[in-house]
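Residue strings, one per chain:
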Amino acid sequence: CLMRLGLLLNCFVLERKHRVAKRYATELQNTSGHPSASLLSEVVSHQLGMLDRPGAFSFSIGLVGGRPAPARARKLIVDGFDGDGQELDIRVSNESRFNSLATCCTKDVVLVKEGDAFRAGQVELHCEIEGVPVSLVSVWQLKAHEADNGYAVWQPSNTAEWIDTSDILDTVVHQVLPDGCVGTLLPMDYR
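Undergrad: A description of the sheet that holds strand 14 (residues 182–185) should follow, citing residues and the corresponding values.
TA: An order of 9-10-14-13 is seen for the four strands of this open sheet, with the pairing classed as antiparallel. Edge positions in the sheet fall to strand 9 (141–146) and strand 13 (174–176), since each has one partner strand and no second. Between one strand axis and the next, the sheet turns through 20 degrees on average, direction left out of account. With three bridges connecting them, strand 13 and strand 14 associate as antiparallel partners. Of the residues in strand 14, the one forming a bridge with H174 is T184.

In structure tokens form, the structure reads like this:
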């Protein structure tokens, strides 16, 4: 696609769906009859079961299935905001919705809004403090941007910043390069 059309589509979000099928495929014992049909029925049952979760049809920005913050995470969050934090309602989750149609998980590489531009980084933590969704992201510096090819190279850093979860623009496909930098494919909107 890159050579023929000059661009690559961002399909990273669909790759995450392989985890569900893999979960049931590794447990599949009866492969004599119709293993594909059996696997398909397990995955469909799983997806239908997910519809019963509280908040399954909530499209508001914030945590997906949040839980009270454990002591270590709570301390990290309170220290990051220079507060006492004893009375605060702090919840955490591995997944958070950053717009009405998309979610990202911890350790995902994301594009983050910065004024009229963007930068990349890796999500370290998603939380809500008194119902306000924020994310801790280790932010990276741009080294090269090839807009025609939809590709950017970033220098990772150990600097993490708290951002509003709504400032996350998109998740991106990435690859760690031999020199330690990270290459990302950029969605069409951000080339």
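Undergrad: Account for helix 5 (residues 71–80), naming residues and giving values.
TA: A73, I77 and V78 are the residues of helix 5 that are buried. Projected down its long axis, helix 5 carries its buried residues within an arc of 130 degrees, all on one side. Turned more than 90 degrees from where helix 5 packs its buried face, A71, R72 and K75 sit exposed. Contacts from the buried residues of helix 5 go to strand 3 (90–93), strand 7 (117–129) and strand 11 (160–164).

Undergrad: Provide a residue-level description of the pattern of salt bridges, including the pertinent values.
TA: Per the counting criterion, the structure on display carries five salt bridges. Where K107 meets E124, a salt bridge forms, and the shortest distance between an N and an O atom there is 3.0 Å. One end of the pair, K107, is in the loop between strand 5 (102–105) and strand 6 (109–114); the other, E124, is in strand 7, with 17 residues separating them in the sequence. Using a relative accessible area of 48% as the deciding quantity, one classes K107 as partly exposed. E124 gets classed as partly exposed once you look at its relative accessible area, which sits at 30%. Ionic pairing is found between R119 and E161, a salt bridge with its closest N-O pair at 2.7 Å. Residue R119 is found in strand 7, and its partner E161 is found in strand 11; the two are separated by 42 residues along the sequence. Among the ionic contacts, a cluster of salt bridges with common partners joins E114, R119 and E161.

Definitions and limits used
- Residues numbered from 1 in each chain as written.
- Predicted model: local features only at pLDDT ≥ 70, side-chain atom pairs only at ≥ 80, totals over all residues.
- Heavy atoms only, no water.
- Pairing = 2+ DSSP bridges.
- Helix = DSSP H or I, 4+ residues; strand = E, 2+ residues; numbered from the N terminus.
- Axes fitted to C-alpha atoms, helices over the stretch in contact; angles between N-to-C directions.
- Buried < 20%, exposed > 50% of the residue type's maximum accessible area, 1.4 Å probe, protein only.
- Arc of directions from axis to C-beta.
- Contact = heavy atoms within 4.5 Å.
- Salt bridge = Lys/Arg side-chain N within 4 Å of Asp/Glu carboxyl O.

Don't take any of this as a statement about function, it's just geometry.
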